[in-house]
Amino acid sequence: MRIGKKANLILSAGMMLLSAIGMIPVLLVIMVSFSSERSIARDGYRFFLDGSLPVSV
Amino acid sequence: MGIENFRFLFLNPQMGRIVRNTLSYNLIFLLLGTVVPIALAIVLSMLHSKKVQSVFQMSALLPHFLSWIVVSYFVFAFLSTERGIVNAFLLSVGLDPVNFYQQPGAWPVILIIVQLWKTAGYTMILYYSYLLSVDQELYDSAVVDGASLWQMIRYVILPLLGPMIIVLTLLNLGHILSTDFGLFYQVTRNSGSILATTETIDVFVYKALIDQSNFGYSAAASLIQNGIGAILLILANYGIKKIDPDRGII
């Protein structure tokens, strides 16, 4: 089943966005697995600290 | 002893709420667990780029391989009152933090999102692989006949997916009174404040087993769950065969 170029572009962008959203929890799990409980207690669960750095180990 | 174990289940004052929760969640999961994967599979099959298809398939399938323990951990990472990402965001925009583990009203939405995120990808792959096996000439002839995209979905794709939809729906109907224990016990962290919307038969039976160490209760509950599931499956299968004798799984 073929769709037009414009529709394909919009759908592809939507699917990539959905992929990115769906991967956020997996990314969080990977990131937390490299963090210590102490750093999580201090900084909380966050993707970027205030200085725009990943969670410290 | 006789029917004492069954009396414990049926006469329990909380049982109405628990059965309602179980049935409501399963019906929503059944509906969304069919519609969302089919929609995703159809959209995926339309895309031109194989790379985009591969990336989406991989990211959709990955959650299927995570255990509920891991899922419960990151749900906590998102929803924790003191350290959670959602509350950090709420605070950053000047809103008050929400104690999600004390808010029963929020959990139906959270549990449905988590369940869909974890299971829709796997089901989508099943539908997608079925769509890939369809002869391209069918689509081409529909285009030649002047079918619009919606007409092609309605009159070509959905009828082709019919047998697969029937099989998966019938299999799910067999588990209509069973719930994923990991989703309702681990993900909710067994929080007592949200039991009104999160307690299902499996969670109730597990707690009864832990509190009272009576294996008869869990055996009776399993018997009821499986018995009703089997009856529903047979009835649905019978109904489908009445409509179309070539379909059905039994």
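Residues numbered from 1 in each chain as written. Chains lettered and ligands numbered in written order. Predicted model: local features only at pLDDT ≥ 70, side-chain atom pairs only at ≥ 80, totals over all residues. Heavy atoms only, no water.

Observations concerning the overall build of chain A
When helices and strands are tallied, chain A shows two helices and zero strands. Looking at chain A residue by residue over its 57 residues, the buried ones come to 37%. Counting every atom, chain A has about 3800 Å² of accessible surface; 71% of that belongs to carbon and sulfur. (Helix = DSSP H or I, 4+ residues; strand = E, 2+ residues; numbered from the N terminus. Buried < 20%, exposed > 50% of the residue type's maximum accessible area, 1.4 Å probe, protein only. Areas by Shrake-Rupley, 256 points an atom, 1.4 Å probe, with all protein chains shown as cover.)

Some words on the overall build of chain B
Within chain B, the regular secondary structure consists of twelve helices and zero strands. What you see in chain B, going N to C, is helices and strands ordered as α-α-α-α-α-α-α-α-α-α-α-α. For chain B, buried positions account for 44% of its 250 residues. Counted over contacts in chain B with a minimum sequence separation of 6, partners at least 24 positions apart contribute 73%. Side chains of chain B give 13 positive and 13 negative charges; the mean places of these two sets differ by 5 Å. (Contact = heavy atoms within 4.5 Å. Lys, Arg positive; Asp, Glu negative; His and termini not counted. Charge placed at Lys NZ, Arg CZ, Asp CG, Glu CD.)

Considering the interface of chain B and chain A
Taken together, the 29 residues of chain B in the interface contact 26 residues of chain A. With both sides pooled, the region where chain B packs onto chain A buries about 2600 Å², and carbon together with sulfur makes up 76% of that total. Counting the surface chain B buries against chain A, the share from its top three residues, H48(B), Y73(B) and R83(B), is 26%. For the side of chain B that touches chain A, the elements supplying multiple residues, two or more each, are α2 (15-46), α3 (50-61), α4 (68-79), α7 (136-144) and α8 (149-173) of chain B. Here the residues of the side of chain B that touches chain A sort into 23 nonpolar, five polar and one charged. (Buried area = accessible area lost by both parts, 1.4 Å probe. Nonpolar A, V, L, I, M, F, W, Y, C, P; charged D, E, K, R; others polar.)

Examining the packing of α2(B) against helix α6 (residues 107-132) of chain B
Residue and element names in this part refer to chain B. For the pair α2 and α6, the least separation of the axes is 7 Å and the interaxial angle reads 45°. Classified by the angle between their axes, α2 and α6 sit oblique to one another. Our pair here, α2 against α6, has a crossing hand that is right-handed. In terms of residue class, the contact of α2 with α6 is built from 21 nonpolar, five polar and no charged. (Axes fitted to C-alpha atoms, helices over the stretch in contact; angles between N-to-C directions. Parallel < 35°, antiparallel > 145°, perpendicular 65-115°, else oblique. Left-handed = near helix turned anticlockwise from the far one by under 90°.)

Some thoughts on the confidence of the model for chain B
Residue and element names in this part refer to chain B. Looking at chain B, pLDDT values average 89 and 100% of them are 70 or higher. At the level of individual helices and strands, chain B shows its lowest average pLDDT in helix α1 (residues 4-10), which scores 82, and its highest in α6, which scores 94. In the model output, the complex is listed with pTM 0.85 alongside ipTM 0.73. (pLDDT = per-residue confidence, 0-100.)

Structural notes on the packing of aromatic side chains
All names here are of chain B. Under the counting rule described, the total for this entry stands at ten aromatic pairs over all chains. Seen in terms of ring centroids, Y25 and F29 are 6.0 Å apart; in terms of plane orientation they differ by 35°. Their pairing is tilted. Taken together, the residues Y25 and F29, both in helix α2 and four residues apart, mark about one turn of the helix. Taking the relative accessible area as the measure of exposure, Y25 reaches 4% and is therefore buried. A relative accessible area of 13% places F29 in the buried class. An aromatic cluster of at least three residues, connected via ring pairs, comprises Y25, F29 and F184. Taking NZ or CZ as reference, K118 lies 4.9 Å from the ring centre of W68, over its face. (Phe/Tyr/Trp six-rings, centres within 6.5 Å; stacked < 30°, edge-to-face > 60°. Lys NZ or Arg CZ within 6 Å of the ring centre and 35° of its normal.)

Describing the packing of α6(B) against α8(B)
Residue and element names in this part refer to chain B. Viewed as axis vectors pointing N to C, α6 and α8 meet at an angle of 135°, and their least axial separation amounts to 10 Å. The pairing of α6 with α8 is recorded here as oblique in orientation. Between α6 and α8 the crossing geometry is right-handed. The segment α6 lies against α8, with T123, L126, Y127, Y130 and L131 engaging I157, L160, L161, P163, M164, I165 and L168. When the residues that make up the contact of α6 with α8 are grouped by side-chain class, the tally is eleven nonpolar, one polar and no charged.

Let's talk about the side chain of S19(A)
Checked against the element boundaries, S19(A) lands in helix α1 (residues 5-33). Here S19(A) falls in the buried class, since its relative accessible area comes to 4%. In this structure, S19(A) is in contact with V55(B), F56(B) and S59(B), ignoring residues within four places of it in sequence.

Focus: a nonpolar patch on the surface
Nonpolar side chains collect at one region of the surface, where L171(B), I234(B), I249(B) and I250(B) lie side by side and expose about 370 Å² of accessible area between them. When you line up the elements, I250(B) lands in the segment after α12 (215-243). (Patch = residues over 30% accessible without salt bridge, like charges linked within 9 Å, V, L, I, M, F, W, Y side chains within 5 Å. Salt bridge = Lys/Arg side-chain N within 4 Å of Asp/Glu carboxyl O.)

Description of the environment of T119(B)
Residue and element names in this part refer to chain B. Within the fold, T119 resides in helix α6. T119 gets classed as partly exposed once you look at its relative accessible area, which sits at 27%. With 56 residues separating them in the primary sequence, T119 and P63 have C-alpha atoms 7.4 Å apart.

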